[in-house]
Amino acid sequence: MTETQGTNNETELAVQNVKAYLLKHSTKSSISLYDHLSQVLSRILDERPDNAVDVFEDISKEVKQERFSKKLDTLHEESDVLATLEIAEVQKSLLMKNPETEQEDFESPLPNIMEMASSFEQAGVGLCRDEMFHIFLSIKQLVDMLPLKKCRLWGKILGIKGNYIVVEAEYLEGEDDEGMEEENEGEEEEAEEMQEEDDESAERMPKSTFKPPPSVPKEENRTGVNKYTYFVCGEPGRSWVKLPMVTPAQIVAARSIQKFFTGFLDTPIISYPPFPGNEANYLRAQIARISATTHVSPLGFYQFEGAEEEEEEEEEEEEGGAAKDSFEENPEFEGIPAAELTESLSNWVHHVQYILPQGRCVWVNISQKKEHGDEEEEEEEEEEEEEEEKDEGADQVQPEVGPPLLTPLSEDDETDIVPWTARVSSSLVPQYSIAVLRSNIWPGAYAFAGGKKFENFYLGWGDKYVRENYCQELVPKPQAEYPIGPEITEVDDPTLEEEERMKAELEEKRLAEEENEEEEEDAEEGDEGDDDD
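**Student:** Could you clarify how one ought to interpret the overall build of the protein chain in this entry?
**Tutor:** Secondary structure summary: the protein chain contains 14 helices and 12 strands in total. Buried positions account for 29% of the 533 residues belonging to the protein chain. For the protein chain, long-range pairs separated by at least 24 residues make up 66% of all intrachain contacts whose partners lie at least 6 apart in sequence. For the protein chain, the exposed surface amounts to about 37,700 Å²; the carbon and sulfur share of it is 49%.

Here it is, written out as structure tokens:
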């Protein structure tokens, strides 16, 4: 064998070893480097891209992804767009026409959200046009589903994990929230059943004589703080959820706490003082408080119903009549220039009733005698005397009074902070500018007025401004159950030696007393003998 043949054999052996190495399968992916390079080179030759050396790594990565796409469930590229795709699928229904609602001469309470958005955009307030348009379409779906008389975009409340888009609505006459009332009645019945079960289980336990103070009744639907119905949703296109009616206890408790919203209506509210409800109830209470403080309108836009009989009503109020609680639009309103609206707050008025410290717009005397309804006659007789005593002092209770409707903003309390800041939208073109009003008490509440139009809008966290750092009210110290003294203080048991010593001392004391008694008897007998002599 010649040297040339030996060299060729060595070369072939080396090539076979290299090929064997390239054909070696991976223990993780079960493929070989030879197969992978063959696929990459075949793709490069098929596509013939420019600057193939620059895209070699990308092509190699794509080949791997195509091979393993069926075996892996989650890829980073897919998980990044899941939330966006989900929202897009939800909002796809907003862009579809509903032929059932396309009728001629159909009066719809749907507000012109885009016109309002344009005005607030001029004032530098509000949301982007895309979001406002989606909200507009979402409100249209709500209006098409429910028999509403009025509907307006109240605002947007921000939360930690989710937000709330709030719509203020009013049902047509005779179309009240029957479903909500039935739901409330069902909850009350369940509470009564649970209370009866607790009473049965506690029959053998001692009964407490404590009687809680009477609760303040909530205002009926279409009156006071429950004048309007509110709907919320997290994103445009999602289902609207109707908020429950608010109670005075919830408003009073909401004034004592500050909480950030989470974006989930069923979240419990953990606070002190305890709040009677979950996040849906707290959200409804905050909406009522914000509306009562920040919903304003230009002077003269609204007027009380029956303005022609204004003098007679004023006389009735002076004699103790009820305050005015209803108003209507003034058809003769011609608008107020923006310069005048910003110069004086007297040209703005509140058109939502003031919430009294009791938690209602109309004060009610809870100390008056109430009807017992279906209560037993025995309980009526037992409580009759107590209620008569309360009735004697009922006339002495001073009713809570607040500012009436359509009160100018210039009369707002300014002890803690200046409540309002007014400005024009543009000082460069004042003839086409609008007046913008910002609330300093509730940051995020705005109002604008231009010509014969005005609107209110809220965009914030739903918390009131606090000048100093917020400090939660501390839980009071528990009351002492009994006084600590020697009469009830426990002592250690004596030992055996102490008991014997104590017995010996008692025995000596007893013997000494007997000796004293004998000596006293002997002395008395001696005295009697001397007397006989």
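**Student:** Can you help me understand the pattern of salt bridges in this one?
**Tutor:** Think of it this way: side chains of opposite charge can pair up when their charged atoms draw near. Under the defined criterion, the tally for this structure stands at 12 salt bridges. For Arg222, the salt bridge is made with Glu170, and the minimal N-O distance between the two is 3.9 Å. In this pair, Arg222 is assigned in the loop between helix H8 (178–201) and strand E3 (229–233) and Glu170 in strand E2 (residues 164–171), connecting sequence segments 52 residues apart. Through salt bridges with shared partners, one network takes in Arg43, Glu47 and Glu62.

**Student:** How should a nonpolar patch on the surface be read in this particular structure?
**Tutor:** A surface patch of nonpolar side chains, about 320 Å² in accessible area, is lined by Leu33, Leu37, Leu41 and Phe56. Take the nonpolar patch: its biggest share by element is three residues, from helix H2 (residues 33–47). Of note, Leu41 is situated in helix H2. When its relative accessible area of 48% is taken as the criterion, Leu41 is described as partly exposed.

**Student:** What's the story with H2 in this structure? I'm lost.
**Tutor:** A turn of α-helix holds 3.6 residues, and therefore any two residues three or four places apart point the same way. Between the first and last C-alpha of H2 there are 21 Å, a value that for 15 residues agrees with the 21 Å anticipated at 1.5 Å per step. Of the residues one or two after H2, Arg48 is the one with positive phi, at around 45°.

**Student:** Hey, could you run me through the sheet that holds strand E9 (residues 420–424) in this one?
**Tutor:** Backbone-to-backbone hydrogen bonds join strands into a sheet, with any given pair of strands oriented parallel or antiparallel. Across the sheet, which stays open at both edges, the eight strands sit in the order E4-E3-E2-E1-E12-E11-E10-E9 with mixed pairing between neighbours. Whereas interior strands pair on both sides, the edge strands pair on one side only; in this sheet they are strand E4 (241–242) and E9. On the sheet, helix H6 (residues 113–122) packs against strand E1 (148–157), strand E11 (445–450) and strand E12 (453–460) and is oriented at approximately 75° with respect to E12. Docked against the sheet, helix H7 (residues 129–145) engages E1, E2 and E3, running at close to 145° with respect to E1.

**Student:** Looking at this structure, I do not really get the side chain of Thr294. What am I missing?
**Tutor:** Mapped onto the secondary structure, Thr294 falls in helix H10 (residues 279–294). Here Ile290 takes part through its backbone oxygen, which lies 2.6 Å from a polar atom of the side chain of Thr294. With near-sequence residues (within four places) excluded, Thr294 lies in contact with Trp420, Ser439, Trp442, Ala445 and Asn456.

**Student:** Help me understand the nonpolar core, please; the structure alone is not making it clear to me.
**Tutor:** Where a protein is soluble and globular, its nonpolar side chains tend to be buried together. Membership of the largest hydrophobic core comes to 31 residues, with the highest contact counts inside it found for Trp154, Ile157, Tyr164, Leu243, Leu283 and Ile287. Breaking this core down by element, the ones donating at least two residues are E1, E2, E3, helix H9 (248–254) and H10. Looking at this core element by element, the count peaks at eight residues for H10. Within the second largest apolar cluster, 26 residues are counted, among which are Ala123, Ile135, Phe136 and Phe448.

**Student:** It is not clear to me how H6 should be interpreted in this structure. Could you clarify?
**Tutor:** Those residues of H6 lying buried are Ile113, Met116, Ala117, Ser119 and Phe120. Buried positions in H6, seen along its axis, are confined to an arc of 160° and lie on one side of it. Along its buried surface, H6 packs onto H7, E1, E11 and E12.

**Student:** What should I look at first to understand the packing of aromatic side chains in this one?
**Tutor:** How two aromatic rings sit relative to each other is set out by the distance from centre to centre and by the angle between their planes. By the definition in use, this model includes 12 aromatic pairs. Ring centres 5.5 Å apart and planes at 40° place the aromatic pair Trp154 and Tyr458 in the tilted group. Here Tyr458 lies in strand E12 and Trp154 lies in strand E1, a separation of 304 residues in the sequence. Put simply, the rings of Phe301, Tyr302, Phe327, Phe333 and Phe454 touch in pairs and so form one group of aromatic residues.

Thresholds, definitions, all that
Residues numbered from 1 in each chain as written. Predicted model: local features only at pLDDT ≥ 70, side-chain atom pairs only at ≥ 80, totals over all residues. Heavy atoms only, no water. Helix = DSSP H or I, 4+ residues; strand = E, 2+ residues; numbered from the N terminus. Buried < 20%, exposed > 50% of the residue type's maximum accessible area, 1.4 Å probe, protein only. Contact = heavy atoms within 4.5 Å. Areas by Shrake-Rupley, 256 points an atom, 1.4 Å probe, with all protein chains shown as cover. Salt bridge = Lys/Arg side-chain N within 4 Å of Asp/Glu carboxyl O. Patch = residues over 30% accessible without salt bridge, like charges linked within 9 Å, V, L, I, M, F, W, Y side chains within 5 Å. Expected span 1.5 Å × (residues − 1). Pairing = 2+ DSSP bridges. Axes fitted to C-alpha atoms, helices over the stretch in contact; angles between N-to-C directions. Polar contact = N/O pair within 3.5 Å; in protein donor to acceptor, adjacent residues only side chain to side chain. Core = buried A, V, L, I, M, F, W, Y, C linked by side-chain atoms within 4.5 Å. Arc of directions from axis to C-beta. Phe/Tyr/Trp six-rings, centres within 6.5 Å; stacked < 30°, edge-to-face > 60°.

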